[in-house]
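Analysis of the macromolecular model
Chain residues, written in single-letter form:
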Amino acid sequence: MDRKEHYDSIMDRSKRIMWQDDCYMDLQSTSSTASSQTETQNLHWIQKYKDQMLSFVSHSFLEEILWHLRNVDVLTSAEETRIKGAGQLQDQINMLTTVITGKESQSSDALQAFIESSDSEIAHLILNYDGMVKKHKEVLLQQYEKHRDRDLASCPKLNISSRTLLMVDGLSDFQQKEHDLMQVGVTRGEKRNHLRQLGLAKLFEPLTRVSLPPRVTLTVGVAGIGKTTWVRHFIRQWCQGTMCPDIHFVLPFTLCELNTLEKLSAERLLKMTFPHLPVPSLVLNNACRTLLILDGLDEFRSTLNFSDAAPCNDPKKEVSIDDLVTNIIRGNLLPDVAVWVTSRPGVASLIPGGLVDRVTEIPGFSPANIQIFLNHHFSEKDFATRIWAHLEAHKILMVMCYIPCICWMLAETLLYIMQSGTQESLPKTCTELYAHFCSMKAEVGEPRGREPVKSEQVHATNRKLLGNLGRLAFYSLLKHKYTFSEQDLRAYGIDLLQIQCSLGAGVLIRRESTIHTTYRFTHLTLQEFLAATFYHVSSKRAIFDLFSESTMSWPKIGFQNHFRSAFQHSQQAEDGHLDLFVRFLTGLLCPTTIKPLAGLLAVGKDDGSQKVWAAGFLQSLLSSVGSVVSLRAVNLAYCLQELQHTELLRSVEEDLRQGSLAGKLTRPHCVVLGYLLHVSPECSEQTNLTGCLNYPTVKSLLPQLLYCTHLRLENNNFKDDVMELLGSLLSAKDCHIRKISLADNVISNKGAKALSRALLVNRTLTSINLRNNNIGSKGAKFLAEALKMNQALISINFQNNSIEEEGAQAIAEVLQSNRKLVSLNLRKNTVGAGGAKRIAEALKTNRTLMKLILCSNQLGDKGTVALAEALTFNHTLLSLQLQSNSISNKGMTALTKALRLNRGLISLNLRENSIGVEGAKNMAHALQENNSLQNLDLTANLLHDDGVQAIGGAIRFNQGLTSLHLQWNFIKSTATKALAQALLTNTTIQLLDLQENTIGNEGVIHLAEALKVNTSLRTLCLQGVSAGTSGAVAIAEALASNQTLQTLDLRGNAVGMEGAKALANSLKCNRSLKSLNLQENSLGMDGAIFIATALKGNHQLAYINLQGNGIGESGAKVISDAIRASAPSCVVDI
């Protein structure tokens, strides 16, 4: 039936019962029912296809519909205008359906007839989409559901639904050029905090309301990280309608399956892969949102050449498979189809950055994830605890576990060893781990708890199969080939029936599709291990270079020559793809490593001489590395670790731990230090290279410093030339440094300029410490300009850099524009009152800075008044430190007025100023109104008794203050009595410091009485307060009942023997005190013995100081031993 006939058949209403005036009643009733049913059917048709119309109708097709409906008099001109004026396209379609359904059934008939008789692909989509997508989802689910159990087997708590991708700007040089395991090792599996996290459901959505969805999305990750698992999870979720429902079709391709294809068109590829889609052009129509998935670009054998590929924009034209993929990614072919490419980073770099709209990275397991995985996998006994402790002790294994696939291999292997009933120790190196893995796979099927399988019991076929698999692995590794066809396996003597045995099934994964069947090793590292076993065995009898698969090469005889050749090729490989191969090759020389493979490898007896020779050879290579420590050089240290020849490694690690590397950093030491920066627990949290570096060593270590997170480079006498190097380090795209301390160097404004250039591009650094340098006002200006643009740094320390008022003005400008800086330290910079005024003005509008340190800056009252005014506007600053600024009562009055209004400040430091009684009284008034201030430090002022009495009166009512420092304030017993009375009712004060005030026994007795009632005080500092025996006895009585005080400092008083005796008696019943300082209190031997004896019944005390009490050296030992015997956990200074 042609289009016109179909249209007429729908519109021919003569075949239906019509109303007639002379109808009988029963016929009229029947006719009415039929008409009603017809209208219901028409309404049902519109409702059925309305969603498809909203999804697929284009502006041009809508114009055709409206033109037709106007021609058949279904729509009036006014209705057409009303529809076109409805707004967006979907609004117009909604208006059209509303208008049509409000008319007689003939109107909906006309719309139905037009769409059903149209030749347009849009019309076909509207009518056939539901059936097509239902069938397509059924096929995909059937194909991908069989992988569900395997994808979830690792651990349900770590499934993809709970994880996120990391958005990156592009691929770094490091990702493009280095081995996967090296990439994971240097980053220690850590997420980069500066990167945006993106859930899988949002991967193909616009990032903002005004942006467009990405056309080409690239997701990268090292081998085994789970790229294919993420793809399969997405497909299952899409098929079930729980993810990206606005994507109409998902077309997944595994690129290794396309390796056997040579020439075909885009449409033919779709027909081959998805034969259930009868008309591929409908799926590829620009009205349809289709996602094409190209999974595993790194397994695609064809070389993608984006510069020379022949352009093609015809989906029906047949081209070579590499040109087909290239043109799809470039957008020449299928420009309206979204493309998702997954790949290892090195191959992904072949795609020009301009073609990719969004790059994401799959993060590996974090240490917390590894623990979750182990707890899930080892549900019995204490296996998980033992394995975690083992990983903590052998960091290289921990690093490998950041890759989920290897984590699973390790878990399975270690569980097998522990359940086998043997006394074998757990693997300490990667080579040992993989040797046990292969041995396990060869033994699968035999009962657990048996005796170790003897070499003669291992079937000969396993030995032959392992040899052939090793040869395949080695020569494929040289060609960067990681997937294999059945023909490839046969070419290396591997029988397809053989690989169904336990060993073959354990190390090879078979993948079937409608196009092709492929094989690959369980993980890339397993391929590298098997390649090393082949080379290890073959090198002992080969007479030609094994790196040439044909025999047409120069003769090369003897294991040592072949071993040297392997390292020569490894060092020359720019992409590091032989790094792990030579690690395994070295590890196989260790007798404990080769033991599990004794029945699988044809190796003779080893007297250990080859291991000794290899250690010497590797150390000679370490001595001959270039001036810069590259990752190829660092890999030599990894090889020493695999060889279990660790003397040099341990020596450098011990020097690093003790901070004694100065003068020892020879070339081998620098290489080992580079290795330790990757794996040492000493460097995982903080890399402390204080006082041991100079320009040459920094230049040498620069590529490895890139991957530290917290770098301490203090006291190295660095000058501006080193800052140029460090500037390039911080500017690198691969930079992982979050904190850097350059304190106590000699950096000037030129060095600050180099640092400022780096800050313009760096996105990882959150903290810089420049304490005690000489950047001056000019250097401060350079850094200030960078800080206006930098959106990552949250803390900077300019202490003692002579930035003066001019530099402070530049910093103030930063505070007006920067919205990230949280902590700013300007201590000892002579900024003066003028600089303080500039900063104060900026604080009025700044809402991010939380900590400001302006100590020792000669602010005076003028600067303080300006800052006080700023506090009336700013309620986000939490800590303000104004120590040593010549502040008098005038400045204090301004601050206290501000405190009555401010509700943000938590900590105020006014130590070592000239604040007197008047200022103290004003502070007392403020404290009666302000309950947000928690920490107040008024040490070394001129408060005297009158001022402190006023503060004591305020504390009785204040419910915010938690710590109060009043040392060196000429306080006597009268003021102390006021403080003690306040403690009777105050419930918030946790620390009270009254050091070096002559409060005497009387004052101490007042405090002791308060302690009997108070339940909030945790720390009481009474050093040098002229207390004697009676004061100590009073404190002792209070401790007998007080159960909240944890720290008591009575240094420099005159407690004496009687006071010590009283304190000792109280310690027998007190259960809260954890720290007691009785230094220089004339206790004598007897007093010390009283204290030591009392500790026998007190197990809470963690620290006690009895120094300077005339005990003598021999007496000190007796007392110390007695205390340790009574309270082993107590630290004693005596």
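Scroll up to find the structure this text is about.
Residues numbered from 1 in each chain as written. Predicted model: local features only at pLDDT ≥ 70, side-chain atom pairs only at ≥ 80, totals over all residues. Heavy atoms only, no water.

**What about the overall build of the protein?**
Rule in force here: Labels follow the DSSP assignment, with helices taken as runs of H or I lasting at least four residues and strands as runs of E lasting at least two, numbered in each case from the N terminus. Only protein chains enter the accessibility calculation, which uses a 1.4 Å probe; a residue whose area is less than 20% of its type maximum is buried, one above 50% is exposed, and one in between is partly exposed. In this analysis, two residues are considered to be in contact whenever any of their non-hydrogen atoms come within 4.5 Å of each other. Charged-residue counts in this description rest on Lys and Arg as positive and Asp and Glu as negative, His and the chain ends being excluded. Throughout, a charge is located at the NZ atom of Lys, the CZ atom of Arg, the CG atom of Asp or the CD atom of Glu.
Helix and strand counts for the protein stand at 48 helices and 28 strands. Relative to its 1134 residues, the protein shows a buried fraction of 57%. Excluding contacts between residues fewer than 6 apart, the proportion of contacts in the protein whose partners are at least 24 apart in sequence is 80%. Of the side-chain charges in the protein, 113 are positive and 107 negative, and the distance between the mean point of each set is 5 Å.

**Quick look at helix 33 (residues 695–705)**
Those residues of helix 33 that sit buried are T697, V698, S700, L701, L702, Q704 and L705. Where the residues of helix 33 are buried, they touch helix 29 (631–643), helix 31 (667–679), strand 13 (710–712) and helix 34 (720–731).

**Digging into the pairing of strand 8 (residues 338–343)**
In plain terms, the rule: When DSSP finds two or more bridges between a pair of strands, those strands are recorded as paired.
Most of strand 8 sits inside the fold, with 6 of its 6 residues counted as buried. Burial of strand 8 is two-sided: the residues A338, W340 and T342 facing one way and the residues V339, V341 and S343 facing the other way are all buried. The sheet contact formed by strand 3 (residues 216–220) and strand 8 spans 5 bridges and is parallel. Paired with L218 across the two strands is V341, which belongs to strand 8. In the sheet, strand 6 (residues 290–295) pairs with strand 8 via 5 bridges, with the strands oriented parallel.

**Quick notes on the sheet that holds strand 6**
As a reminder, the rule being used: Between N-to-C directions, angles cover 0 to 180 degrees, with each direction set by a line fitted to C-alpha atoms, over the stretch in contact for helices.
Taken together, the 7 strands give an open sheet; going across it, the order is 2-1-9-3-8-6-4, and neighbouring strands pair in mixed fashion. With partners counted over all chains shown, the strands left at the sheet margins are strand 2 (196–198) and strand 4 (249–254), one partner each. When the angles between neighbouring strand axes are averaged without regard to direction, this sheet yields 25°. Here 3 bridges tie strand 1 (residues 165–168) to strand 9 (residues 358–361), and the two strands are oriented antiparallel to one another. Note on strand 9: the bridge partner recorded for V168 is V359. Here helix 11 (residues 227–239) sits on the sheet in contact with strand 1, strand 3, strand 4, strand 6 and strand 8, set at roughly 155° to strand 6. Against the sheet, helix 14 (residues 321–330) touches strand 3, strand 6 and strand 8, its axis set at about 130° to strand 6.

**Digging into the pattern of salt bridges**
To keep it simple, the criterion reads: The term salt bridge refers to a side-chain nitrogen of Lys or Arg lying within 4 Å of a carboxyl oxygen of Asp or Glu.
Enumeration over the complete set of coordinates arrives at 32 salt bridges. A salt bridge links E486 to R510; the shortest N-O distance between them is 3.9 Å. One end of the pair, E486, is in helix 22 (residues 486–491); the other, R510, is in strand 10 (residues 508–512), with 24 residues separating them in the sequence. For R510, a relative accessible area of 44% translates into the label partly exposed. Among the ionic pairs, D744 bridges to R771, the shortest N-O distance being 3.0 Å. Within this pair, whereas D744 is found in the loop between strand 14 (739–741) and helix 35 (749–759), its partner R771 is found in the loop between strand 15 (767–769) and helix 36 (776–789), the two being separated by 27 residues in sequence. Among the charged side chains, a network of salt bridges with common partners joins E63, R70, E80 and K84.

**Considering the environment of L649**
Turning to its location among the elements, L649 is positioned in helix 30 (residues 647–658). Residue L649 is classed as buried on the basis of its relative accessible area, which comes to 3%. Discounting residues that sit within four places of it in the chain, L649 has contacts with A637, Q641, V672, Y675 and L676.

**Considerations on the packing of aromatic side chains**
Stated formally: For Phe, Tyr and Trp, rings pair up if their centres lie within 6.5 Å, where Trp contributes its six-membered ring, and each pair is then called stacked (planes under 30 degrees apart), edge-to-face (over 60) or tilted (otherwise). The rule for a charge over a ring is simple: NZ of Lys or CZ of Arg within 6 Å of the ring centre, and within 35 degrees of the ring normal.
Applying the stated criterion across every chain yields a total of 29 aromatic pairs. Here F474 and Y535 contribute two aromatic rings whose centre-to-centre distance is 5.4 Å and whose plane-to-plane angle is 50°, an arrangement assigned as tilted. Of this pair, F474 sits in helix 21 (residues 460–478) while Y535 sits in helix 24 (residues 524–538); the two residues are 61 residues apart in sequence, bridging distant segments of the chain. A residue is classified by how much of its surface remains accessible, and F474, at 0% relative accessible area, is buried. We note K137 situated over the ring of W238; from NZ or CZ to the ring centre the distance is 4.7 Å. Residue placement shows R583 over the ring face of Y638; its charged tip is 3.8 Å from the ring centre.

**Let's talk about the packing of helix 31 against helix 33**
Our working definition: Comment on the angle field: the value is read as roughly parallel under 35 degrees, roughly antiparallel over 145, roughly perpendicular from 65 to 115, and oblique elsewhere. Whether a crossing is left-handed or right-handed is set by the direction in which the near helix is turned from the far one by less than a right angle, anticlockwise for left-handed and clockwise for right-handed. Ten residues, namely Ala, Val, Leu, Ile, Met, Phe, Trp, Tyr, Cys and Pro, are considered nonpolar, four, namely Asp, Glu, Lys and Arg, are considered charged, and the remaining ones, Gly among them, are considered polar.
Direction vectors running N to C along helix 31 and helix 33 enclose 30°, while the axes themselves pass 10 Å from each other. In this view, helix 31 runs roughly parallel relative to helix 33, as classed from their interaxial angle. Pair helix 31 / helix 33 crosses with right-handed handedness. Facing C670, L673, G674, L677 and H678 of helix 31, the residues of helix 33 in contact are T697, S700, L701, Q704 and L705. Looking at the contact of helix 31 with helix 33 residue by residue, the class counts come to 5 nonpolar, 5 polar and no charged.

Keep in mind that these numbers describe shape and distance, not what the molecule does.
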